[in-house]
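Observations on the three-dimensional arrangement
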Amino acid sequence: QMCIRDRVSTQSTWGLQSFQGKEKRMSKLNMDVLKESIKKMMTTDKKRGFLETVELQVLLKDYDPQKDKRFMGSVKLPNVPRPKLRICVIGDAAHLEEAKKIQGIETKDVDGLKAFNKVKKDIKKWAKKFHVLLCTDTIVKQLTKLLGPILNKINRFPIAITHNESLEKKIDEVKSSVKFQLKKVLCMGFAVGNVEMTEEQLRQNITMSINFLVSLLKKGWQNIKTLHVKRTMGAVQRVYGQILN
């Protein structure tokens with residue numbers, strides 16, 4: 001039976017159920033410490049002119065990014081952490097029509113892609129305006145021909161969408177998901193919530209994120225050195241491990 005840490009994603013029903021079944025018994029989190037850290041993080045009288053993100057900051061140990069297999073995985077959280085995620089749908093006529101009914105979603109058709117004339121600077125400037133690109137599956141196959149390899153290079157290659165699933169549901173799934181990927185360094189940060197959430201909603205998101213991350217690590221909790229949470233304009237709050245100086 002395939003272990004969940006060997007899976008790239010938990011989007012399949014089996015993977016997500018398997019992970020959720022393990023969540024309680026695998027956690028080494030002290031819930032009192034977590035709740036207190038969230039409370040401290042959320043206690044402020046200052047109101048910002050934008051929606052602050054809540055980030056989970058992770059420092060790994062006993063992991064060599066050069067030698068050990070780099071992990072990658074994504075999990076759908078119970079509460080949407082990034083409601084204002086900027087998304088563009090590259091679609092056929094049906095997907096574009098569906099996207100126009102969803103508030104805050106921009107669109108681009110094939111003619112719009114052709115208009116770039118493969119000018120890398122223009123493509124990059126456009127794609128960087130968005131956190132995520134979604135694209136009709138039949139058009140995905142044409143992207144390299146239309147735009148060249150630039151979207152891959154700037155980490156904006158679109159997520160394929162089909163007509164077998166609701167576009168609105170797919171967008172909600174994207175906004176609710178957090179992606180974990182080990183690159184060249186042992187410190188990582190992930191958006192797991194925002195300051196408009198309740199403390200309980202933040203606790204749920206943070207707990208699920210941490211336990212999923214641990215499931216991807218070769219030695220589980222033994223590879224976690226420290227865990228902290230932080231709002232965009234706030235101080236770092238310790239959740240697990242030694243206190244950072």
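Here's what I pulled together on the structure shown here. Source: prediction; values computed, not measured.

1. A short note on the layout of surface pockets
Approximately 1,400 Å³ is the volume attributed to the largest pocket. In this structure, the largest pocket is lined by 41 residues; those nearest its centre are Arg82, His131, Val132, Ser177 and Lys179. Secondary structure elements with two or more residues in the lining of the largest pocket: β1 (53–60), β2 (72–76), β5 (132–136), α9 (167–176), β7 (177–181), β8 (187–194) and β9 (224–231). Residue contributions to the lining of the largest pocket peak at 6 residues, all from β8. The residue makeup of the lining of the largest pocket, split by class, is 17 nonpolar, 13 polar and 11 charged.

2. Observations regarding unusual backbone geometry
Its identity is not glycine, yet Asn117 carries a phi of approximately 55°, on the positive side. Mapped onto the fold, Asn117 is located in the loop between α4 (110–114) and α5 (120–127). Asn117 gets classed as exposed once you look at its relative accessible area, which sits at 62%. For Asn155, which is not glycine, the phi torsion reads 60° and is therefore positive.

3. Here's the deal with the nonpolar core
With 34 residues, the main nonpolar core has Val58, Phe71, Phe180, Ile210, Ile224 and Leu227 as its most contacted residues. Elements represented by at least two residues in this core include exactly α2 (31–42), β1, β7, β8, α10 (199–216) and β9. Tallying contributions element by element places α10 first for this core, with 8 residues. Leaving out residues up to four positions away in the same chain, Phe180 has contacts with Phe71, Met72, Gly73, Val75, Phe190, Ser209, Phe212, Leu213 and Leu216. In this structure, Phe116, Ala127, Phe130 and Val140 belong to the second largest nonpolar core, which totals 18 residues.

4. Topic: the packing of α2 against α10
Between α2 and α10, the shortest axis-to-axis distance is 10 Å and the interhelical angle comes to 125°. Between α2 and α10, the angle is such that the two are oblique. Crossing of α2 over α10 shows right-handed handedness. Contacts between α2 and α10 involve Met31, Leu34, Lys35, Ile38, Lys39, Met41 and Met42 on the former and, on the latter, Glu199, Leu202, Arg203, Ile206 and Thr207. Here the contact of α2 with α10 is built from residues that sort into 7 nonpolar, 1 polar and 4 charged.

Thresholds applied
- Residues numbered from 1 in each chain as written.
- Predicted model: local features only at pLDDT ≥ 70, side-chain atom pairs only at ≥ 80, totals over all residues.
- Heavy atoms only, no water.
- 1 Å grid on protein atoms, 1.4 Å probe; cavity = no way out; pocket = protein on both sides within 12 Å on 5 of 7 lines; lining within 4 Å.
- Points joined across faces, edges and corners; volume = space filled by probe spheres on them.
- Helix = DSSP H or I, 4+ residues; strand = E, 2+ residues; numbered from the N terminus.
- Nonpolar A, V, L, I, M, F, W, Y, C, P; charged D, E, K, R; others polar.
- Buried < 20%, exposed > 50% of the residue type's maximum accessible area, 1.4 Å probe, protein only.
- Core = buried A, V, L, I, M, F, W, Y, C linked by side-chain atoms within 4.5 Å.
- Contact = heavy atoms within 4.5 Å.
- Axes fitted to C-alpha atoms, helices over the stretch in contact; angles between N-to-C directions.
- Parallel < 35°, antiparallel > 145°, perpendicular 65-115°, else oblique.
- Left-handed = near helix turned anticlockwise from the far one by under 90°.

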